[in-house]
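# A closer look at the structure
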Amino acid sequence: MSVGVSTSAPVSPTSGTSVSMPAFSLVDYVVFILLLVLSLAIGLYHACRGWGRHTVGELLMANRKMGCLPVALSLLATFQSAVAILGVPSEIYRFGTQYWFLGCCYFLGLLIPAHIFIPVFYRLHLTSAYEYLELRFNKTVRVCGTVTFIFQMVIYMGVVLYAPSLALNAVTGFDLWLSVLALGIVCTIYTALGGLKAVIWTDVFQTVVMFLGQLAVITVGSAKVGGLGRVWAVASQHGRISGFELNPDPFVRHTFWTLAIGGVFMMLSLYGVNQAQVQRYLSSRTEKAAMLSCYAVFPFQQVSLCVGSLIGLVMFTYYQEYPMSIQQAQAAPDQFVLYFVMDILKGLPGLPGLFIACLFSGSLSTISSAFNSLATVTMEDLIRPWFPEFSEARAIMLSRGLAFGYGLLCLGMAYISSQMGPVLQAAISIFGMVGGPLLGLFCLGMFFPCANPPGAIVGLLSGLVMAFWIGIGSIVTSMGSSMPPSSTNGSNFSLPTNLTIATATTLMPLTTVSKPTGLRRFYSLSYLWYSAHNSTTVIVVGLIVSLLTGRMRGRSLNPATIYPVLPKLLALLPLSWQKRLHCRSYGQDHLVDTGVFPEKPRNGVLGDSRDKEPMALDDTAYQGSSSTCILQETSL
């Protein structure tokens, strides 16, 4: 979610300079291959277990019987991609620990999904997050949301597969296309055959490998420089330990407010409405288990952020004592960590292989999540609504075929990525541009009962136009200028670090130039505010269009799709104020009496609201039924 890594190959060393390239030992190759074999074995185990008795629900939703801990680790693995493992330490190494304050946004970024998005999605008994859009608006809005998500993920898949392999090839000489094919084929097989359960359990295994690889680097690296105490002292001496930067300017790349507040919106676009994460929530046994899994991610994320930051500080201390070679100094920032790992772990057979396994575990977890979520939304949003007569056996074959198809498409996108050159920066930034508008679309439907389908469609299109305007404008400005970007501009495009925040970020040279003006100033908006800006655009435009087109009058509104914000806020007031305001609030618990939710759970989950006819309410009637506050004649 942070910084990414650039995709540029390292600059060749100056003529006459010869630098020996670290090489993998046989033990390192064994460790790396063992990762692929075990990941494949876990997937095949879940594929073969009960072969012939699988259902579509098992493939796509793991029969909604997953426990809290594996779901939490799977959520974390999706977040902790290979690019984060490379990007976070490089960010800390170059700019100090300011980025660590991003952890301040994690709590709200997980608290809000746990108590707002998960209850609504879970009680509607969804499979695809975009089913919500049809229940709240109509089928057209659902298809628009689904197509937007597919476009986002297809652009992303090839990049996240190709770029870590490119960095690895440049530093270690590891064969580029062999690693691309190995990752793509292994991931495709276990995702297509084993379904979501295989993806979740391989994510658990890969999360353990990621932490082991990173801990090995910290342990060996800190021992070589004299311990963590000395690491901290050297970092402080050179100004790498950052304090609170309270500048509210949204055009400054990283400040406390940018990281803590702008980061909340970025977290919500990932953990609130992204299909890859929502699908894991909905695979939980109960709504409470889904909420607990969201809470459990918080400490794991904090540990992950601290581990990445420590690697960056250890790397900084190490290179103060043992300066980089010319080749290393001229390399792309994403390769710093790999050079550092090969420097400190050489002579320790197996440990370089463990870190590379850690790196590719991040890729496997992220790509498998993409395959599975894409197969799910394609099946549930684009095929089933038009061909509801599909038999179970045919639906299973089609689901597996979709996963295989997206796997092959991923390999094709990896090849296209290798041919794109500078245009690759635009492809990467597209992913992040889409996350904010999708968040705004869901918030528009969930929090504003007056929003209607025309408002939702126009709002989404407006948010996407705004996102592409800023994003592409930043790219053109950056590529068209011979000068390095300003230190206040976070738009030197780099690889994404997770499924939703792949916006154009962030590794900028230390050169400081004059601040941009006019549109250039607008294009220099910090990447961390992208989601907030674009989602707000969707909400504002959507509400204006909805009010101009008659709100929800004449249209059916399912109250189960609305989160009762006003009653929840009023419940926070002192009891005496509530009595004086004479509030009559009807939260979602009251919906049991309306028939929207069934009184008893079925098969361990709350019933499907689609079994009930939605209540035909206009927005005035709904507002009257959800919360009515009458100001008494007595003065406050």
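Definitions and limits used
- Residues numbered from 1 in each chain as written.
- Predicted model: local features only at pLDDT ≥ 70, side-chain atom pairs only at ≥ 80, totals over all residues.
- Heavy atoms only, no water.
- UniProt positions renumbered as here; feature names shortened; annotations may be inferred.
- 1 Å grid on protein atoms, 1.4 Å probe; cavity = no way out; pocket = protein on both sides within 12 Å on 5 of 7 lines; lining within 4 Å.
- Points joined across faces, edges and corners; volume = space filled by probe spheres on them.
- Helix = DSSP H or I, 4+ residues; strand = E, 2+ residues; numbered from the N terminus.
- Nonpolar A, V, L, I, M, F, W, Y, C, P; charged D, E, K, R; others polar.
- pLDDT = per-residue confidence, 0-100.
- Contact = heavy atoms within 4.5 Å.
- Salt bridge = Lys/Arg side-chain N within 4 Å of Asp/Glu carboxyl O.
- Buried < 20%, exposed > 50% of the residue type's maximum accessible area, 1.4 Å probe, protein only.
- Polar contact = N/O pair within 3.5 Å; in protein donor to acceptor, adjacent residues only side chain to side chain.

- The protein chain is annotated in an unreviewed UniProt entry as Sodium-dependent multivitamin transporter of Chlorocebus sabaeus.
- Annotation of the protein chain in UniProt includes, under Sequence similarities (unreviewed entry), the sentence "Belongs to the sodium:solute symporter (SSF) (TC 2.A.21) family."
- Note on the protein chain: under the UniProt heading Subunit (unreviewed entry), the record states "Interacts with PDZD11."

### With respect to empty space enclosed by the protein
- Counted according to the given criterion, the structure contains 3 cavities of 30 Å³ or more.
- Its boundaries defined by the atoms lining it, the second largest cavity holds a volume of some 60 Å³.
- Every residue lining the second largest cavity is listed: Leu59, Leu60, Thr191, Ala192, Gly195, Asn372, Ala375, Ser399, Arg400 and Ala403.
- Breaking the lining of the second largest cavity down by element, the ones donating at least two residues are helix H2 (56-61), helix H8 (176-225), helix H15 (351-383) and helix H16 (392-420).
- Looking at side-chain class alone, the lining of the second largest cavity contains 5 nonpolar, 4 polar and 1 charged residues.

### A word on the confidence of the model for the protein chain
- Mean pLDDT over the protein chain works out to 77, with 78% of the residues at or above the 70 mark.
- Between the elements of the protein chain, mean pLDDT differs from a low of 38, seen in strand S2 (residues 627-629), to a high of 93, seen in helix H6 (residues 131-136).
- Every residue in residues 1-20 scores below 50 in pLDDT, and together they form 72 contacts with partners more than four places removed in sequence or on other chains.
- Taken as a whole, residues 482-513 scores under 50 in pLDDT and shows 151 contacts with residues more than four places along the chain or in a different chain.

### Describing the pattern of salt bridges
- On inspection of all chains with the given rule, the structure shows 6 salt bridges.
- As a salt-bridge pair, Asp381 and Arg142 come within 2.7 Å of each other at their nearest N and O atoms. Here the residue Asp381 occupies a position in helix H15, and Arg142 occupies one in helix H7 (residues 139-172), the gap between them amounting to 239 residues. Both residues of the pair, Asp381 and Arg142, belong to the buried class.
- For the salt bridge of Arg280 with Asp203, the shortest nitrogen-to-oxygen distance reads 3.3 Å. Taken together, the residues Arg280 in helix H11 (residues 275-282) and Asp203 in helix H8 connect sequence positions 77 residues apart.
- What makes Asp203 buried here is its relative accessible area of 0%.

### Focus: H11
- Counting buried positions along H11 gives 8 out of 8 residues, so the element sits mostly inside the fold.
- Turning to H11, its buried residues are Gln275, Ala276, Gln277, Val278, Gln279, Arg280, Tyr281 and Leu282.
- The residue sitting at the N-terminus of H11 and contributing the capping side-chain oxygen is Asn274; that oxygen lies 3.0 Å from the backbone nitrogen of Ala276.

### Concerning the environment of Cys410
- By the secondary structure assignment, Cys410 is in helix H16.
- Overall, the relative accessible area of 0% leaves Cys410 in the buried class.
- The spacing of Cys410 and Tyr156 is 254 residues in sequence and 8.8 Å in space, taken between C-alpha atoms.

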